[in-house]
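Residue strings, one per chain:
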Amino acid sequence: MKAIIKFLPIIVLAGLMIAGQDALIAAPLATIAAIIIARFTEHLTFKECQSAAIKSVTNIIVALFILMFAYAMANSFMSTGVGASVINLALKAGITARYIAVVGLLSTAVLSVATGTSWGTFAACAPIFLWLCHIVDPSCTTDGCLLLVTCATAGGACFGDNIGLISDTTIVSSGIQGVEVIDRIRYQGVWSIMCLIAAAICFIIAGIVMGLPTTHADTSAVMSTIPDSAMEYLKTKRPQAVDLLSQVGTDNAVAMYMIIPLILVIVLAVIGLNTFICIGSGILSAYILGLPAGTTSFAKGGLQKYLDMCMSGFSDAGSWVVVMMMWVAAFGGIMAAMNAFDPIAKGIVAISRNVRQLMTCNGLLCIIGNAILSDEMAQIVTVGPIIKDIAEENIEASEEDMYRIKLRNATFGDAMGVFGSQLIPWHVYLAFYVGIAANVYPLYKFANTDFIRYNFMAIIAVASLLILTFTGLDRFIPLFHLPKEPDVQLKKNVKKEDAITA
C-alpha cells in the first residue's frame, strides 16, 4: 500500500499533462503532492525535500544553459542566412517533399554526433528543415509532410545524443555504470547505425505512401505561399523567420558561404571542443560572415540589434521551458529521495528467471523512470545507480562479462532516456521541441503528440533494444551481444543449484 501511495504524485503529473494543463501548472502541483507524500511515507521534512529538489535541479544546470544558447543560435541561423543557405543548397540539389524527411533525419544525425546535443541540433535544424518543408510543399500542414519532417528532425537529433563522444547523456550514463565512453560507443555502434538505416527506410516509405509531392519548388514564389495574415503574425512574433524566407530565392538568395557557421559548429565539435564553444562559435561566425553578406551590420546599432536578437533567444527559453524543466527536475529529486523506485527494483529480481529477463526489466525500468521523472537526465542519474546495483548484486559473472553487462546498462539508461523521451507525451523533451518548433514555424499549432506520430527513429531504437535483449537476437549484431548463460547466471539460480547438489 505504501509503495502505491508513493506513485500518486506521478499520477498527478501525468493526469494533469494528459488533461491539457500547462507543464508550469502540472509540475509544481505534482511537486507539492510529492512533498506531502514524502512527508507521509518517509517522514521527510520540508527542508530535506527542498534539498533533494535543489540537488536534482543542480544536475541539469548545464542543460539549461545549453537550452538558452540553443534558442539564441536558432534565432541567429534564421536571421543571418545560415538556414537560408542550407535551404538554397537543398533546393539546387533537387530535394522534394517526398524525400525531405530522410534528408532531415540523416543531417541531424550527423550534426548531433558532432555537437553532442540533441537540443542544440534541433534548434539549429528546425528553422532550416521546417521552412524548407514549407517551401517545397505549401500544403505541408495538411498533407502530413510537416509532421513527417518534424519527427525526422527530432529523431535524428537524438541519434548523436545517444552515441556522441561529447554528449552529456552518453558521458553521464557511461560514468554511472563505470564504463569508458569510447568502449560504449564501439559496443553499440553497429546497433545504432542499423536503427538509423531502418528509420531512414521508414521515412522514405512513408513519403511514398502519403503521396507527397515530387515537384521541385519555385523559389521565386516563396513569399507568396504564405497568407498575408500569417506573414503579419510572423513579422510580429518571429521576425527572424521572415528574414530567412526573404533570403530564399533566385534573385535575392543569400551568399552560399553563409553555410560556414554551421560547418564550423560541426568541425569544432568533431575536434572535441566544449558544447558551449561550438554553439557560441556558430553565433559569432554568423554575425561576422553576415557583414559582407549584408545580413548583419555594425554601423547604426547593427551590433546591438544582433545582441538583442540573441538576448531574445535567452528570454524565449527562460520564460517557459527553463522554468518548467526546473520544476520537473525538482519533482524527480523528491521522488528519488523517498525511494519511489525501490519496490520496482525488488519486483524485477523476483520475476526474473535468467539474466536476459533481468536485463530486459532493467531496460523497462529505465523507460518507466523516464516517464515518471519526465526528464532524461533525471532518469539517468536516478535510475542508473538502481539498475547498476540490480546487476551487480544479482548477477554472477567474470569481470569481462560483467563489463558487458555494464555496457548494456549504460546503453539502456541513455537510449531509454533520449529516445524514450520522444515517446512520452508529457516529457520535458517534447515540451522543448514544441517550443522550438512553434517559435521557428508559428504557422502550425504543434502538440507534444505530433512528435510521436512518425518518430520512427525513437520507436525502432526503443523497441529493438528491448526485443534484442529479451530474445537473444543481439548475438547477430557485432559487438552488441550479452554474455550467454551459464557464463553469466543469476545468483539466486546458483544458490538453488548448490542446494540441489547438496
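Residues numbered from 1 in each chain as written. Predicted model: local features only at pLDDT ≥ 70, side-chain atom pairs only at ≥ 80, totals over all residues. Heavy atoms only, no water.

**Side note on the overall build of the protein**
- Counting its secondary structure elements, the protein contains 25 helices and two strands.
- Within the protein, the proportion of its 502 residues that are buried is 57%.
- Considering only intrachain contacts with a sequence separation of at least 6, the fraction spanning at least 24 residues in the protein is 81%. (Helix = DSSP H or I, 4+ residues; strand = E, 2+ residues; numbered from the N terminus. Buried < 20%, exposed > 50% of the residue type's maximum accessible area, 1.4 Å probe, protein only. Contact = heavy atoms within 4.5 Å.)

**Let's talk about helix H24 (residues 456-471)**
- Helix length check: H24, at 16 residues, gives a terminal C-alpha distance of 21 Å against a target of 22 Å (1.5 Å per residue), a fit within 8%.
- By the burial criterion, the buried members of H24 are Phe456, Met457, Ala458, Ala461, Val462, Ser464, Leu465, Leu466, Leu468 and Thr469.
- Directly after H24, the chain includes Gly472, whose backbone phi takes a positive value near 85°. (Expected span 1.5 Å × (residues − 1).)

**Notes on the side chain of Thr153**
- Considering the arrangement of structural elements, one finds Thr153 in helix H10 (residues 145-163).
- Under the relative-accessibility criterion, Thr153 is labelled buried at 1%.

**A look at the packing of H10 against helix H12 (residues 181-209)**
- Relative orientation of the contacting elements H10 and H12 amounts to 175°, with a least axis distance of 10 Å. Put simply, H10 runs roughly antiparallel to H12. Of H12, the residues touching H10 (which contributes Leu148, Cys151, Ala152, Phe159, Asn162 and Ile163) are Arg184, Ile185, Gln188, Gly189, Trp191, Ser192, Ile193, Leu196, Phe203, Ala206 and Gly207.
- Across the contact of H10 with H12, the residue classes break down as 11 nonpolar, five polar and one charged. (Axes fitted to C-alpha atoms, helices over the stretch in contact; angles between N-to-C directions. Parallel < 35°, antiparallel > 145°, perpendicular 65-115°, else oblique. Nonpolar A, V, L, I, M, F, W, Y, C, P; charged D, E, K, R; others polar.)

**What to know about the packing of aromatic side chains**
- If you walk through the whole model with that rule in mind, you get 14 aromatic pairs.
- With 5.1 Å between their ring centres and 45° between their planes, Tyr187 and Phe480 make a pair best called tilted. One end of the pair, Tyr187, is in helix H12; the other, Phe480, is in the loop between H24 and strand E2 (489-490), with 293 residues separating them in the sequence.
- Consider the rings of Phe203 and Phe456, whose centres lie 4.8 Å apart with planes at 65°: the pair is edge-to-face. Here the residue Phe203 occupies a position in helix H12, and Phe456 occupies one in helix H24, the gap between them amounting to 253 residues. Both residues of the pair, Phe203 and Phe456, count as buried. (Phe/Tyr/Trp six-rings, centres within 6.5 Å; stacked < 30°, edge-to-face > 60°.)

**Considerations on unusual backbone geometry**
- With an omega of 10°, the peptide bond running from Glu485 to Pro486 counts as cis.
- With respect to the element layout, Pro486 can be found in the loop between H24 and E2.
- With phi around 60°, His43 is a residue other than glycine that occupies positive phi space.
- Overall, the relative accessible area of 60% leaves His43 in the exposed class.

**A closer look at the pattern of salt bridges**
- This model, assessed by the stated rule, comprises eight salt bridges.
- We note a salt bridge from Asp450 to Arg453, for which the minimum N-O separation is 3.6 Å. Of this pair, Asp450 and Arg453 both sit in helix H23 (residues 450-453), three residues apart, roughly one helical turn.
- The class for Asp450 is buried, based on a relative accessible area of 4%. (Salt bridge = Lys/Arg side-chain N within 4 Å of Asp/Glu carboxyl O.)

**Quick word on the confidence of the model for the protein**
- Averaged over all residues, the pLDDT of the protein is 84; the fraction at 70 or higher stands at 90%.
- Across the protein, the secondary-structure element scoring lowest on mean pLDDT is helix H13 (residues 228-237), at 68, and the one scoring highest is H24, at 97. (pLDDT = per-residue confidence, 0-100.)

**A few points about the packing of helix H11 (residues 168-177) against helix H20 (residues 376-394)**
- Where H11 meets H20, the axes come as close as 9 Å, and the angle between the chain directions of the two elements is 20°. Between H11 and H20, the angle is such that the two are roughly parallel. Considering how the two elements wind past one another, H11 and H20 form a crossing that is right-handed. On the side of H11, the interface is formed by Asp168, Thr169, Val172, Ser173, Ile176 and Gln177, while H20 contributes Glu376, Met377, Ile380, Val381, Gly384, Pro385, Ile387 and Lys388.
- A per-class count over the contact of H11 with H20 returns seven nonpolar, four polar and three charged. (Left-handed = near helix turned anticlockwise from the far one by under 90°.)

**Let's talk about a nonpolar patch on the surface**
- Residues Ile193, Ile197, Ile201, Ile205 and Val209 make up a contiguous nonpolar surface patch of about 490 Å² in total accessible area.
- By the element assignment, Ile197 lies in helix H12. (Patch = residues over 30% accessible without salt bridge, like charges linked within 9 Å, V, L, I, M, F, W, Y side chains within 5 Å. Areas by Shrake-Rupley, 256 points an atom, 1.4 Å probe, with all protein chains shown as cover.)

**So, the environment of Gly302**
- Structurally, Gly302 is set in helix H17 (residues 302-337).
- On the basis of relative accessibility, which here comes to 8%, the residue Gly302 falls in the buried class.
- Put simply, Gly302 and Tyr287 are 15 residues apart on the chain and 9.9 Å apart in space, counted from C-alpha to C-alpha.

**A few points about the state of the cysteines**
- The full count for this structure, using the stated rule, is zero disulfides.
- Not engaged in a disulfide, the cysteine Cys133 finds its nearest cysteine sulfur in Cys145; these two sulfurs lie 3.2 Å apart.
- A relative accessible area of 0% places Cys133 in the buried class. (Disulfide = S-S within 2.5 Å.)

**Some details on H20**
- An ideal rise of 1.5 Å per residue puts 27 Å on 19 residues; H20 measures up with 26 Å between its terminal C-alpha atoms.
- Where H20 bends most, at Val383, the angle is about 35°, and the proline Pro385 comes one to four residues later. (Bend = angle between axes of the 7 residues up to and from the residue.)

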